[in-house]
Amino acid sequence: MKILSVNAGSSSLKFTLFEMPEEKEIISGVFERIGEETSLYSIKMNGEKIKKDCVLKNHEEAVKILTEELINYNVIKNLHEIGGVGHRVVHGGDKYADSVIITEDVTNTIRNLFHLAPLHNPSNLMGIEAFQEFIPDAKEVAVFDTGFHQTMPKENYMYAAPYEWYEKYGVRRYAYHGISHQYITEYMQNYLGKKDVNLITCHLGGGCSMYSIKDGKCFDTSMSFSTNSGLIMGTRSGDIDAFIVPYVMKESGMTMEEVLDSLNKKGGLLGVSGISNDSRDIEEGVESGNERCILAQELFTNRIVGYIGKLAIFMDKIDAICFTGGIGENSSMTRKDIINKLSKLGIVLDEEANNTRGKFTLITKAESKIPCYIVPTNEELMIAKDTYNLVK
C-alpha cells in the first residue's frame, strides 16, 4: 500500500511517498514559498533531485501539482493507488494520545486548538483540506506532535500556577517533537529487543527537545507550554524568567508581541553569537576563537547537560542516551562537549566512533556506565507507519 506523509507549514509543504509495510521510500519533495512570487518545488527520486520554479498562490495549488507530478513521473498510475495520507499536526491538546483517522470532529478539534499553536495548526489544517479535495478516496490520518507525551504523569505536566488556569485555559506542559521521539523509542525497542526501554532522547537541531522514556513511555520532557521552552535552540531562547518580558517591554518600549518575537526569532544561538543560528557556523567560530561563539556553544551544551541530569535523577535505570536531529546526528563537537561534561555519571566517550555523521552508531566505550548512540530520526516514516496501521 502506498502511504503519503505530509508536513504542511505556513508557506511550505513537505511530502514523502512510501510503499508500506516495506517502508520503502519512493519519492519525496518540498514546495517552498507558497503564497510568494518566487515559489518553487523540488522532487527527489532514484537519487536524482529535480527543481522547478512555479507560482503557488496557496496549498491547494501545491497539492494539485504534487498529484500531477506523481503521475507524470510514473510513480503511480492513478490517485486510487494512494491508500492513506498521514499529516503531521503540531497540537492535539490533551485530547489525542494516538494518531487518528481524520473526521469532522478531528478537524474541528484542530481548528479549536489554533490559539495554542497559531503558527502551526492552521497550516496543518490547510494541508489536510487540500489533500481531502485532491485525493478524496484516501484515508486521512492526523499524527500529533503532542500525542506521545500524553503518558506523562500529572506531576510532570502541571505548573505551580493557579489551578484554574489549567481547568479554564488548558495551561499545562504539552511538549513537542513527539513524532521524532516516538520513532527513536521504537527504534531502540527493536534494537535492544525489549518494549520497556528506559532512555533519554535528545532531539537537537534548529528546534531542540529532550525526553525521558520510562518503560517505553514518555515520562518527562524539556519542552513546556510553547515551542520556545526548555533547551536553547537556533533562534529560540529556551527557558527564561517570565518577568524578563514585562521588564524589557518597560525598558525598551517594545510591545509584548515584539519581545516574544525576539525571543523566538532573534534569541538562541543567533542571539548569543550574533552571527548565525546554524551550529556549523557556531562551531567554525569556536575553532577560530570567536568569544561569542564559544559562549553560545557553552550555553547550548550546558543547558542540555543540565536537563540530562534533571531527567536522569527520576530514572531507576537508563538503557541509553540517544542523539538525533540535525545537530545530534551530525555534530561530533557538540556530542563530545556534552558527553565529556557527563563524565561524573561514568559516561566515557569513544572519540573515534563519535567522528561519525548521520548513521546509527554507539559512541561510548564499553566501560561507559550509560551507552550513548547516534540514532537518525525519520518523522516521515513514523507518520507513514501510524497511517498504515490505521488504514490497512
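Structure: see above.
Participant: Quick question: what am I supposed to make of the overall build of the protein chain here?
Facilitator: A tally of helices and strands in the protein chain yields 15 helices and 14 strands. The C-alpha radius of gyration computed for the protein chain amounts to 21 Å, which stays within 12% of the reference 21 Å derived for 392 residues, consistent with globular compactness. In terms of overall dimensions, the protein chain has a C-alpha envelope of 60 × 55 × 45 Å along the principal axes. Here the protein chain holds 392 residues, and the buried ones make up 52% of them. For the protein chain, the computed accessible surface area is about 18,500 Å², with 49% contributed by carbon and sulfur atoms.

Participant: Honestly, the pairing of strand 2 (residues 13-19) in this entry has me stumped. Any pointers?
Facilitator: Working note: regular strand, side chains alternate between the two faces of the sheet. The buried fraction of strand 2 amounts to six of the seven residues, a majority that puts the element mostly inside the structure. Here strand 1 (residues 2-8) pairs with strand 2 via seven bridges, running antiparallel. The residue bridging alanine 8 from the neighbouring strand is leucine 13, located in strand 2. A loop of four residues connects strand 1 with strand 2, the two strands running antiparallel in sequence. Note that strand 2 and strand 3 (residues 24-32) share seven bridges and pair antiparallel. Of the residues in strand 3, the one forming a bridge with threonine 16 is serine 28. Hairpin connection from strand 2 to strand 3: four residues lie between these consecutive antiparallel strands, with glutamate 23 at a positive phi of about 60 degrees.

Participant: Just to check I follow, could you spell out the sheet that holds strand 11 (residues 217-221) for this structure?
Facilitator: The strands making up a sheet are joined through hydrogen bonds of the backbone, oriented either antiparallel or parallel. Spatial strand order, 11-10-9-12-14-13: six strands in an open sheet with mixed pairing. At either end of the open sheet lies a strand with only one pairing partner, and these are strand 11 and strand 13 (361-362). Pairing of strand 10 (residues 208-214) with strand 11, which is carried by four bridges, proceeds in the antiparallel orientation. Note that in strand 11 the partner of isoleucine 213 across the bridge is cysteine 218. Its contacts with the sheet put helix 13 (residues 332-341) on strand 9 (199-204), strand 12 (320-324) and strand 14 (372-374), and the angle it makes with strand 12 is roughly 155 degrees.

Participant: I would appreciate a short explanation of the pattern of salt bridges in the present structure.
Facilitator: Opposite charge on two side chains permits pairing when their charged atoms draw close. Considering all chains together, one arrives at 17 salt bridges under this definition. With a shortest N-O distance of 3.2 Å, aspartate 105 and lysine 95 are connected by a salt bridge. Here the residue aspartate 105 occupies a position in helix 2 (residues 104-112), and lysine 95 occupies one in the loop between strand 6 (82-89) and strand 7 (100-101), the gap between them amounting to 10 residues. The salt bridge partner of lysine 265 is aspartate 261, with a shortest N-O separation of 3.3 Å. Of this pair, lysine 265 and aspartate 261 both sit in helix 8 (residues 256-265), four residues apart, which is roughly one turn of that helix. Here the salt bridges do not stand alone but share partners, grouping Lys2, Glu19 and Glu81 into one network.

Participant: What is the right way to look at the sheet that holds strand 1 in this model?
Facilitator: With respect to topology, eight strands assemble into an open sheet ordered 5-4-3-2-1-6-8-7, the strand pairing being mixed. Unpaired on one side and paired on the other, strand 5 (48-53) and strand 7 mark the two borders of the sheet. Helix-sheet contacts for helix 15 (residues 379-391) involve strand 1, strand 2, strand 6, strand 7 and strand 8 (139-144), and the interaxial angle to strand 1 is about 130 degrees.

Participant: So what exactly am I meant to see when it comes to the environment of serine 99 here?
Facilitator: Along the chain, serine 99 falls in the loop between strand 6 and strand 7. On the basis of relative accessibility, which here comes to 13%, the residue serine 99 falls in the buried class. In this view, serine 99 contacts Val141, Ala142, Val143, Asp386 and Leu390; residues no more than four positions away in its chain are not counted. In this structure the side chain of serine 99 is engaged in a polar contact, spanning 2.7 Å, whose partner is the side chain of aspartate 386.

Participant: Which parts of the structure should I look at to understand the packing of helix 1 (residues 59-72) against helix 3 (residues 121-134)?
Facilitator: Pairs of packed helices are described in terms of their axes, by the angle between the two and the distance that separates them. Between helix 1 and helix 3, the shortest axis-to-axis distance is 9 Å and the interhelical angle comes to 45 degrees. Between helix 1 and helix 3, the angle is such that the two are oblique. For the pair helix 1 and helix 3, the sense of crossing is right-handed. Between helix 1 and helix 3, the residues in contact are His59, Glu60, Val63, Lys64, Leu66 and Thr67 and Met126, Ala130, Phe131, Glu133 and Phe134, respectively. When its residues are assigned to classes, the contact of helix 1 with helix 3 shows six nonpolar, two polar and three charged.

Participant: When you look at the packing of helix 2 against helix 3 in this model, what are you seeing that I'm missing?
Facilitator: Their axes nearest at 9 Å, the elements helix 2 and helix 3 cross at an angle of 155 degrees. In terms of axis orientation, helix 2 runs roughly antiparallel to helix 3. The chirality of how helix 2 crosses helix 3 is left-handed. In this structure, helix 2 contributes Thr107, Ile110 and Arg111 to the contact, and helix 3 contributes Asn121, Leu125, Ile128 and Glu129. Its residues assigned to classes, the contact of helix 2 with helix 3 shows three nonpolar, two polar and two charged.

Participant: Would you explain the environment of arginine 303 in this entry?
Facilitator: In this structure, arginine 303 sits in helix 11 (residues 291-312). Sequence separation of arginine 303 and asparagine 108 is 195 residues, and the distance between their C-alpha atoms is 38 Å. Other than its neighbours up to four places away in sequence, arginine 303 contacts Gly230, Leu231, Ile232, Ser237, Gly238 and Asp239.

Participant: Teacher, can you tell me more about the nonpolar core here?
Facilitator: Side chains of a nonpolar character, in soluble globular proteins, are inclined to be buried together. Core analysis: the largest hydrophobic core is formed by 69 residues, its most contacted members being Ile200, Leu204, Met210, Ile308, Ile321 and Phe323. Of the residues forming this core, the biggest block, nine residues, is contributed by helix 11. Excluding its chain neighbours within four sequence positions, the residues that come into contact with phenylalanine 323 are Cys202, Leu204, Gly328, Glu329, Arg335, Ile338, Ile339, Ile363, Cys372, Tyr373, Ile374 and Val375. Counting 26 residues, the second-largest nonpolar core is a separate cluster that includes Val6, Leu17, Val85 and Ala138.

Scoring rules and cut-offs
Residues numbered from 1 in each chain as written. Predicted model: local features only at pLDDT ≥ 70, side-chain atom pairs only at ≥ 80, totals over all residues. Heavy atoms only, no water. Helix = DSSP H or I, 4+ residues; strand = E, 2+ residues; numbered from the N terminus. Rg over C-alpha atoms; globule rule 2.2 N^0.38 Å. Buried < 20%, exposed > 50% of the residue type's maximum accessible area, 1.4 Å probe, protein only. Areas by Shrake-Rupley, 256 points an atom, 1.4 Å probe, with all protein chains shown as cover. Pairing = 2+ DSSP bridges. Contact = heavy atoms within 4.5 Å. Axes fitted to C-alpha atoms, helices over the stretch in contact; angles between N-to-C directions. Salt bridge = Lys/Arg side-chain N within 4 Å of Asp/Glu carboxyl O. Polar contact = N/O pair within 3.5 Å; in protein donor to acceptor, adjacent residues only side chain to side chain. Parallel < 35°, antiparallel > 145°, perpendicular 65-115°, else oblique. Left-handed = near helix turned anticlockwise from the far one by under 90°. Nonpolar A, V, L, I, M, F, W, Y, C, P; charged D, E, K, R; others polar. Core = buried A, V, L, I, M, F, W, Y, C linked by side-chain atoms within 4.5 Å.

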